[in-house]
Amino acid sequence: MPVPPSPAAQPAQLWPPQNGVTVDVETLRGLAERMLVTRVLDTEAVRWQRQGILPAFPPAIGQEAAQVGSAMALDRARDMAFITYRDHGVVVGLDSDLTDYMGSHLALWNGGFADPNKVRHSPLQAVVGATALHAMGWAYAQKLDGTGGAAIAYFGDGASSQGDVHEAMNFAAVSKSPVVFFVQNNGWSLSTPLDLQVAGGSVAARASGYAMPSMRIDGDDVGEVYAATQIALEHAREHGPVVIEAFTYRRGPHATSDDPSRYRSLEEERALGPDPIDVARQLVADEAWWAEAEQRAEQAVDAVRVQMQSPRTIDGNDMFDYVFQEKTPQLVKQQEQWREETDLD
């Protein structure tokens, strides 16, 4: 009978760092301003949905620090973010064109109009937990190619129970692929409290089962998120996968069709800790700058609304050109028929 391999060594301790970390004022300002844009976009997008401009929208109010802080830690020359339908703070943090991105919420084009290779984030993913598999696959390809980039996969505490996430973590650990699994633990999944969905109350604790290091961080402190994600990405590029569990709170509904009062009380919401926007404001500690940043955020989102309602030409050939790498005979025939029916050359 063969002897089984020895148990894996204990994962490295990555957080908190022994020497501490600091984030300079200019970086903090950049983080804070993008958080403000994210909050304004969130607030306005809910109004747009009520006005019929958007068919639906999933707010991320309260999760701005986790999303913006982690996104800005990426190396845009080589890293890639894999986002869900609730990660518009990541899109803002990467300075992606918001009008292009919002095309996905307008149902004009899957994932928006942005080129992932340029903006460094994937189209949004609505399949719960799928980002983990996609990021792991991309990261494994980077390892094979030797490009030195790392992937970051965004998903929530509820998604962490999906089988896809565990398969991705296992394969990433076995292959030592450069990927950071970034869990935004907002305490509620859709409508189920954490203690009823995650045994032990910690997603990060599961990482040890895959011999991966993990971090449990304050997801409402943008400086901490930024610093921790930088450390995790550096480790991933050199040694393999890392799990970050950022504790935050979804302060709004799960989506514009949701009524959170059905599963949590007003008293619970009032008992929340400080708003991440307020935490960032204290970190920046410059009221004059803050007032100007708020104005810039309002103006940026106003421009998005105007551009979203402008006509945009969509090439119908995209329906056929982006299905398979090589078109099947049936697809070629369908495209020819479509072109004949629409009188296209």
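Look up a bit, the structure's there.
Note that the coordinates shown come from a computational prediction; the quantities given were computed from them, not determined experimentally.

Roughly 310 Å³ of volume is contained in the largest pocket. Forming the boundary of the largest pocket are 20 residues, of which Y85, R86, G156, A159 and H254 lie nearest the centre. By residue class, the composition of the lining of the largest pocket is 6 nonpolar, 11 polar and 3 charged.

Let us look at the sheet that holds strand β1 (residues 80-82). Within a sheet, neighbouring strands are paired by backbone hydrogen bonds and run either parallel or antiparallel to one another. Taken together, 5 strands build an open sheet; the order of strands is β1-β2-β3-β5-β4 and the sheet is parallel. Since the sheet does not close on itself, it has two edges, and those belong to β1 and β4 (214-218), each with one partner. Each strand axis lies, on average, 20 degrees off the axis of its neighbour in the sheet, ignoring direction. Docked against the sheet, helix α7 (residues 163-175) engages β2 (151-156), β3 (179-185) and β5 (242-247), running at close to 150 degrees with respect to β3.

Where helix α1 (residues 25-50) contacts helix α10 (residues 276-284), the axes come no closer than 10 Å and their chain directions differ by 150 degrees. Viewed along their axes, α1 and α10 adopt a mutual orientation that is roughly antiparallel. When the axes of α1 and α10 are compared, the crossing they make is left-handed. Residues L28, R29, A32, M35, L36 and R39 of α1 lie in contact with α10, whose contacting residues are P276, I277, A280, L283 and V284. When grouped by side-chain class, the residues that make up the contact of α1 with α10 number 9 nonpolar, no polar and 2 charged.

Attention now moves to the packing of aromatic side chains. Two descriptors summarise a pair of aromatic rings, namely the distance from one centre to the other and the angle between the planes of the rings. The tally for this structure, following the rule as stated, stands at 5 aromatic pairs. Ring centres of W289 and W290 lie 6.2 Å apart, and the angle between their planes is 65 degrees; this geometry places the pair in the edge-to-face category. Across the pair, W290 and W289 agree in class, each one buried. Ring geometry for F320 and W338: centres 5.7 Å apart, planes at 45 degrees, overall tilted. Taken as a pair, F320 in helix α12 (residues 318-321) and W338 in helix α13 (residues 329-341) lie far apart in primary sequence, 18 residues in all. Using a relative accessible area of 8% as the deciding quantity, one classes F320 as buried.

A few words on the environment of T313. Along the chain, the position of T313 falls in the loop between α11 (287-308) and α12. Judged by its relative accessible area of 79%, T313 falls in the exposed class. When the C-alpha positions of T313 and L108 are compared, they lie 10.0 Å apart, and in sequence the two are 205 residues distant.

Our focus in this paragraph is the pairing of β2. Within β2, 5 of the 6 residues are buried, leaving the element largely enclosed by the surrounding structure. In this structure, β1 lies alongside β2, joined through 3 bridges in parallel fashion. Bridge assignment links A81 to a residue of β2, and that residue is I152. Note: β2 against β3, 6 bridges, orientation parallel. The residue of β3 that forms the bridge with Y154 is F182.

Turning to α7, a few remarks are in order. Here α7 contains 13 residues, and its C-alpha end-to-end distance of 18 Å stays within 8% of the 18 Å for a straight helix at 1.5 Å per residue. Residues V165, A168, M169, A172, A173 and S175 constitute the buried set of α7. Buried positions along α7 lie against α6 (130-145), β2, β3 and β5. Where α7 terminates, the next one or two residues include K176, which has phi positive at roughly 55 degrees.

Moving on, we get to the side chain of D258. Position of D258 among the secondary structure elements: in the loop between β5 and α9 (266-270). A polar contact is formed between the side chain of D258 and the backbone nitrogen of H254, at a distance of 2.8 Å. What D258 contacts, discounting residues up to four positions off in sequence, is R250, P253 and Y263.

Rules used throughout
- Residues numbered from 1 in each chain as written.
- Predicted model: local features only at pLDDT ≥ 70, side-chain atom pairs only at ≥ 80, totals over all residues.
- Heavy atoms only, no water.
- 1 Å grid on protein atoms, 1.4 Å probe; cavity = no way out; pocket = protein on both sides within 12 Å on 5 of 7 lines; lining within 4 Å.
- Points joined across faces, edges and corners; volume = space filled by probe spheres on them.
- Nonpolar A, V, L, I, M, F, W, Y, C, P; charged D, E, K, R; others polar.
- Pairing = 2+ DSSP bridges.
- Helix = DSSP H or I, 4+ residues; strand = E, 2+ residues; numbered from the N terminus.
- Axes fitted to C-alpha atoms, helices over the stretch in contact; angles between N-to-C directions.
- Contact = heavy atoms within 4.5 Å.
- Parallel < 35°, antiparallel > 145°, perpendicular 65-115°, else oblique.
- Left-handed = near helix turned anticlockwise from the far one by under 90°.
- Phe/Tyr/Trp six-rings, centres within 6.5 Å; stacked < 30°, edge-to-face > 60°.
- Buried < 20%, exposed > 50% of the residue type's maximum accessible area, 1.4 Å probe, protein only.
- Expected span 1.5 Å × (residues − 1).
- Polar contact = N/O pair within 3.5 Å; in protein donor to acceptor, adjacent residues only side chain to side chain.

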